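A look at the structure
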Amino acid sequence: MSGKRIVIVGASRLGCEFALAARAAGHEVALVDEHPQELKNMSFDAPYFYGSGLPASLSDETAAFDNVLSSNEPLLECVENEVDVKVGVVAWGAFHNAANSQHIGTPKVGVVSREGNELLEYDALVLATGSRDFVPSFKGWELPGVLGGKAATKLLVSYQCFNGSNCLVLGTTSLAVEFARAARERGLDIAGFVEPTSAFRAGQADEAWAREQGIPIHFESVILEASGTDKVSSATVVRLDGEDDKSEVTCDTICVAIAELPNIELPAAMGCGLEFAEAIPAWVPILDANFQTTVPDVYWVSTFNDVDDQVARALAAIDGDESRSAVQQKRTAEGTNPAEYINLWVSKLSETGGTGVILCQCETVTRGEFLDLQPPRYLKSGLRHPHDAVTGGDVGPKISQDLLKRMTRVGMGHCQGKRCRDEAAILLSQRFGVPLKDIKPGSYRFPVRPIDMALIAAEDDDYHTREKWPHWMHEEVVPESVAGSAQR
């Protein structure tokens with residue numbers, strides 16, 4: 001094989017399309033995808049918001065493997081065309097020579113599976129990491145049965161495992177309709193759509209389909225709370241027109257399909273430059289006309305890039321053929337002004353639900369505690385001092401999400417902020433009047449997925465590192481002289 005070594009992270013449509021094109025061009029291609037995921041990893045709500053009501057049948061790894069692979073035809077085509085497909089494998093880090101890492105040598109990607117860790121060397125790295133759920137908080141959102149639209153659709157269509165039978169859908173986006181159609185095809189009931197505006201966001205044709213199906217549409221309304229003991233049993237929907245009209249909707253699932261945002265953990269953690277895309281609204285990698293990031297030989301292809309030929313353009317750049325005319329790509333997302341739509345949802349949920357709603361599930365911090373910069377409850381009151389979230393001085397108002405994370409612990413839990421970081425930034429913007437682009441996002445670190453640290457311990461590490469690293473906070477480190485040379 002005379003081609004280059006190309007590693008692609010993400011078996012999305014674009015990831016598979018890139019893999020096939022690169023293989024056809026004679027390159028050595030490895031395609032890495034984290035699905036099917038282990039049940040314990042899905043409980044961390046990565047990459048999607050699965051919630052706490054995952055089906056027990058997901059523990060059948062053989063069935064999950066068969067279902068996920070058979071539901072992805074482009075991935076099967078990659079297998080048939082000699083792409084080195086690695087499924088159920090997590091790309092937890094990527095490394096290249098930089099200011100603080102001078103001895104990496106050939107750039108490489110760290111991937112881990114149930115069998116162990118592997119470092120894949122590459123000439124070009126293509127990130128096709130797709131999107132994630134945006135799920136804002138409301139009272140009861142921690143109950144089993146609440147999950148994101150991406151997660152719900154993935155469970156239904158790909159894993160073919162789903163616990164619910166009667167689903168309330170928040171939002172009328174294309175994602176919301178995609179889930180509803182998939183649910184109806186599988187015999188599930190849709191208890192209704194909840195929409196804060198007076199328009200069906202996915203369009204007239206999808207609204208007509210919903211009405212033909214007899215699905216109620218709650219316009220100018222939001223959810224007030226989800227109710228239940230050990231799982232969702234109903235939801236309270238409240239109108240926004242001032243009539244204080246509430247309705248109780250019986251359901252066992254609440255699918256939050258308000259918006260999806262790009263997955264950028266890996267490019268952010270490996271040092272790719274980021275910029276704020278107002279239209280999405282989210283931070284995304286800075287790209288040149290060929291979709292190369294600020295890190296050499298690292299490319300980001302995404303449905304958020306509003307260009308049709310990004311696979312061909314990026315592959316031409318890898319091949320050294322950059323004759324295609326440079327086109328400035330746009331950042332886009334579904335519908336008109338999705339940023340306004342997301343902002344409306346967060347604003348109305350806050351107005352109706354109040355400040356006592358839990359914002360950070362991991363650390364049980366409410367919206368009010370976060371916005372008032374209350375320190376963690378385990379600190380004594382005497383240690384509490386007032387602080388100002390806004391800094392910046394002459395350069396204009398700024399907010400650092402990392403600084404507020406340290407002060408309040410919002411985003412510091414075991415989910416690493418995957419559930420709350422986006423809503424937290426929007427709440428800060430609404431409270432303090434600072435544009436989202438001036439709120440520095442919380443940082444990402446390797447590993448970007450929760451993994452067993454013992455799996456990535458290097459064989460040539462010394463005794464203390466190899467044997468004690470996974471337990472260093474809990475076990476006394478035995479001196480090497482006591483441990484004996486046999487264990488070195």
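Look above for the structure.
Reference entry: report on the structure contained in this document. (Residues numbered from 1 in each chain as written. Predicted model: local features only at pLDDT ≥ 70, side-chain atom pairs only at ≥ 80, totals over all residues. Heavy atoms only, no water.)

Right, let's get into the overall build of the chain. Looking only at helices and strands, the chain has 15 helices and 24 strands in total. A buried classification covers 51% of the 488 residues belonging to the chain. Sequence-distant contacts in the chain: of pairs separated by 6 or more residues, those separated by 24 or more amount to 62%. For the chain, the exposed area adds up to about 22,000 Å²; of that, 48% sits on carbon and sulfur atoms. (Helix = DSSP H or I, 4+ residues; strand = E, 2+ residues; numbered from the N terminus. Buried < 20%, exposed > 50% of the residue type's maximum accessible area, 1.4 Å probe, protein only. Contact = heavy atoms within 4.5 Å. Areas by Shrake-Rupley, 256 points an atom, 1.4 Å probe, with all protein chains shown as cover.)

What follows is about the sheet that holds strand S13 (residues 221–227). The antiparallel open sheet is built from three strands, whose spatial order is S13-S14-S15. At either end of the open sheet lies a strand with only one pairing partner, and these are S13 and strand S15 (246–250). Here the strands of the sheet are splayed against their neighbours by 25° on average, with no regard to which way each runs. Inspection of the sheet shows S13 paired to strand S14 (residues 234–239) by six bridges, in the antiparallel sense. (Pairing = 2+ DSSP bridges. Axes fitted to C-alpha atoms, helices over the stretch in contact; angles between N-to-C directions.)

Counting across every chain of the model gives seven aromatic pairs. Each ring, one from Phe193 and one from Phe200, has its centre 5.5 Å from the other, and the planes form 85°; the classification is edge-to-face. We note that Phe193, like Phe200, is buried. By way of ring pairs, the aromatic residues Trp92, Phe95 and Phe446 are connected into one cluster. Looking at Arg421, its charged tip hangs above the ring of Tyr444, at a distance of 4.0 Å from the centre. (Phe/Tyr/Trp six-rings, centres within 6.5 Å; stacked < 30°, edge-to-face > 60°. Lys NZ or Arg CZ within 6 Å of the ring centre and 35° of its normal.)

Here we come to the side chain of Asp45. Topologically, Asp45 is positioned in the loop between helix H2 (39–42) and helix H3 (61–70). Of the polar contacts made by the side chain of Asp45, one reaches the backbone nitrogen of Tyr50; its length is 2.9 Å. (Polar contact = N/O pair within 3.5 Å; in protein donor to acceptor, adjacent residues only side chain to side chain.)

Core analysis: the biggest nonpolar cluster contains 81 residues, and Leu125, Phe138, Leu168, Leu170, Ile254 and Phe370 have the highest contact counts within it. Look past the residues within four positions of Leu170 in its chain and what remains in contact with it is Phe138, Val194, Ile223, Ile254, Cys255, Val256, Ala257, Ile258 and Trp345. Grouped together as the second largest cluster of nonpolar side chains are 34 residues, Tyr48, Ala180, Phe193 and Cys255 included. (Core = buried A, V, L, I, M, F, W, Y, C linked by side-chain atoms within 4.5 Å.)

All right, on to the packing of helix H5 (residues 149–159) against helix H6 (residues 174–185) then. For the pair H5 and H6, the least separation of the axes is 9 Å and the interaxial angle reads 25°. With respect to their mutual orientation, H5 and H6 come out roughly parallel. Handedness of the crossing formed by H5 with H6: left-handed. Facing H5, whose interface residues are Gly149, Lys150, Ala152, Thr153, Leu156 and Val157, H6 presents Leu175, Glu178, Phe179, Ala182 and Ala183. Residues of the contact of H5 with H6, tallied by class, amount to seven nonpolar, two polar and two charged. (Parallel < 35°, antiparallel > 145°, perpendicular 65-115°, else oblique. Left-handed = near helix turned anticlockwise from the far one by under 90°. Nonpolar A, V, L, I, M, F, W, Y, C, P; charged D, E, K, R; others polar.)

In this section: the environment of Lys437. Its location among the elements puts Lys437 in the loop between helix H13 (421–432) and strand S24 (439–440). If sequence neighbours within four positions are ignored, Lys437 has contacts with Phe276, Glu278 and Trp283. Of the polar contacts made by the side chain of Lys437, one reaches the side chain of Asp438; its length is 3.4 Å.

Our focus in this paragraph is the environment of Asp241. Turning to its location among the elements, Asp241 is positioned in the loop between S14 and S15. Looking at Asp241, the relative accessible area reads 31%, which means it is partly exposed. Separated by 22 residues in sequence, Asp241 and Phe219 place their C-alpha atoms 10.0 Å apart. Polar contacts involving the side chain of Asp241 include one to the side chain of Arg239, which spans 2.7 Å.

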